Amino acid sequence: PILDDPIPLPDPAVEKRSAKAANAQFAELLVQAEAMELRQNRPAAAVPLYRKSLALPVPQSLKAVALARIARCLRKSGDAEAAGKAYRQLSQDYDQVYDPFGRPYGLIAGFELAELTPDPQESERFLQDLHRGLIRGRWEISGQQLDYFLEKIQNRAKAEWSADTDFVSHFAMAR
């Protein structure tokens, strides 16, 4: 049996207006944060603005942009530990979300984490995980992106890893 009255669902028109307002507020905060970070060279001061934009009810793709910029600002500010946490969150929460250049945030965050970690073995593990994800088709990327990222990993890694998988061979066959 139903014990309580049902919660009224939001009116679609009201919901649409709320989304537009949140997107507009997000855009405004992003412009302010970018001005602080890039024009005024004050990345630490931009972080709270990016955090405000992250808290807004906007699509995942916009939240990922805000979190990526938070991580970037923290790294620029010299707070490697906080930047690492932000990149881990970006990798976990937005792995399959793509940045405006068509790159998966999980992949981009993985490279940043490999650079940020002071432990060479942990850095190598990050690179190996990225390599494994690439050659198994974890992210939907182009053949050019696959080649670029595999080369980038190989240039940074100490070990040579095989890229002989069905996913990679499909690109070779298509070429």
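Residues numbered from 1 in each chain as written. Predicted model: local features only at pLDDT ≥ 70, side-chain atom pairs only at ≥ 80, totals over all residues. Heavy atoms only, no water.

### Notes on the overall build of the chain
Just so we agree on the cut-off: We count a stretch as a helix when DSSP gives it H or I for four or more residues in a row; a strand needs E for two or more, and each element gets its number in order from the N terminus. Buried means the residue's accessible area, taken with a 1.4 Å probe over protein chains only, is under 20% of the maximum for its type, while exposed means over 50%, and partly exposed covers the values in between. Only heavy atoms matter for contacts: two residues are in contact if any of them lie within 4.5 Å across the pair. Computed with a 1.4 Å probe, the accessible areas rest on the Shrake-Rupley method; for each residue, only the protein chains presented here act as cover.
Helix and strand counts for the chain come out as eight helices and zero strands. The N-to-C order of helical and strand elements in the chain reads α-α-α-α-α-α-α-α. Looking at the 175 residues of the chain, the share that counts as buried comes to 40%. Taking all contacts inside the chain whose residues are at least 6 apart in sequence as the whole, residues at least 24 apart take part in 54%. Put simply, the chain shows about 10900 Å² of open surface, and 54% of that area lies on carbon and sulfur atoms.

### Examining helix α7 (residues 143–156)
Test applied: In a helix, the anticipated span is given by 1.5 Å times the number of residues less one.
Across its 14 residues, α7 extends 20 Å between first and last C-alpha, which sits within 8% of the 20 Å expected from 1.5 Å per residue. The secondary structure elements touched by the buried residues of α7 are α5 (105–116), α6 (120–135) and α8 (166–174).

### Looking at the packing of α5 against α6
Rules: Axis angles are defined between N-to-C directions and span 0 to 180 degrees, where every axis is a line fitted to C-alpha atoms and, for a helix, only to the segment in contact. For classification purposes, an angle smaller than 35 degrees is called roughly parallel, one larger than 145 roughly antiparallel, one from 65 to 115 roughly perpendicular, and anything else oblique. Left-handed describes a crossing whose near helix is turned anticlockwise from the far helix through less than a right angle; right-handed describes the clockwise counterpart. Only Asp, Glu, Lys and Arg are considered charged in this grouping, and only Ala, Val, Leu, Ile, Met, Phe, Trp, Tyr, Cys and Pro are considered nonpolar; every other residue, Gly among them, is considered polar.
Where α5 meets α6, the axes come as close as 8 Å, and the angle between the chain directions of the two elements is 160°. Considering their axes alone, α5 and α6 lie roughly antiparallel with respect to each other. Considering only the axes of α5 and α6, their crossing is left-handed. Within the contact between the two elements, α5 uses G106, L107, G110, F111, L113 and A114 and α6 uses S123, F126, L127, L130 and L134. For the contact of α5 with α6, a count of residues per class yields eight nonpolar, three polar and no charged.

### Points about the nonpolar core
We count it as follows: For the purposes of this section, nonpolar cores are sets of buried Ala, Val, Leu, Ile, Met, Phe, Trp, Tyr and Cys residues that join through side-chain atoms within 4.5 Å.
Core analysis: the biggest nonpolar cluster contains 50 residues, and Y87, L90, Y94, Y105, L127 and L134 have the highest contact counts within it. Those elements giving two or more residues to this core turn out to be α1 (12–39), α2 (43–55), α3 (60–76), α4 (80–93), α5, α6, α7 and α8. The element best represented in this core is α3, accounting for nine residues. Apart from residues lying up to four places away in sequence, Y87 is in contact with A68, A71, R72, A109, E112, L113 and L116.

### Some details on the pattern of salt bridges
Let me state the cut-off plainly: Between Lys or Arg on one side and Asp or Glu on the other, a salt bridge is scored when a side-chain nitrogen of the former is within 4 Å of a carboxyl oxygen of the latter.
In the structure shown here, the tally under the stated rule is 12 salt bridges. Linking E112 and R75 is a salt bridge whose minimum nitrogen-to-oxygen distance equals 2.1 Å. With E112 in helix α5 and R75 in helix α3, this pair connects stretches of sequence that are 37 residues apart. A single salt-bridge network, built from bridges that share partners, covers R75, E112, E115 and R156.

### With respect to the confidence of the model for the chain
What counts is decided by this rule: Confidence of the predictor in every single residue is expressed as pLDDT, which spans 0 to 100.
Counting all residues, the mean pLDDT for the chain is 89, and 90% of those residues have values of 70 or more. Below pLDDT 50 for its whole length, residues 9–14 participates in one contact with residues either more than four positions away or in separate chains.

### Some thoughts on the environment of F111
Tracing the sequence through the fold places F111 in helix α5. Judged by its relative accessible area of 3%, F111 falls in the buried class. Residues F111 and I153 lie 42 residues apart in sequence; the distance between their C-alpha atoms is 8.4 Å.

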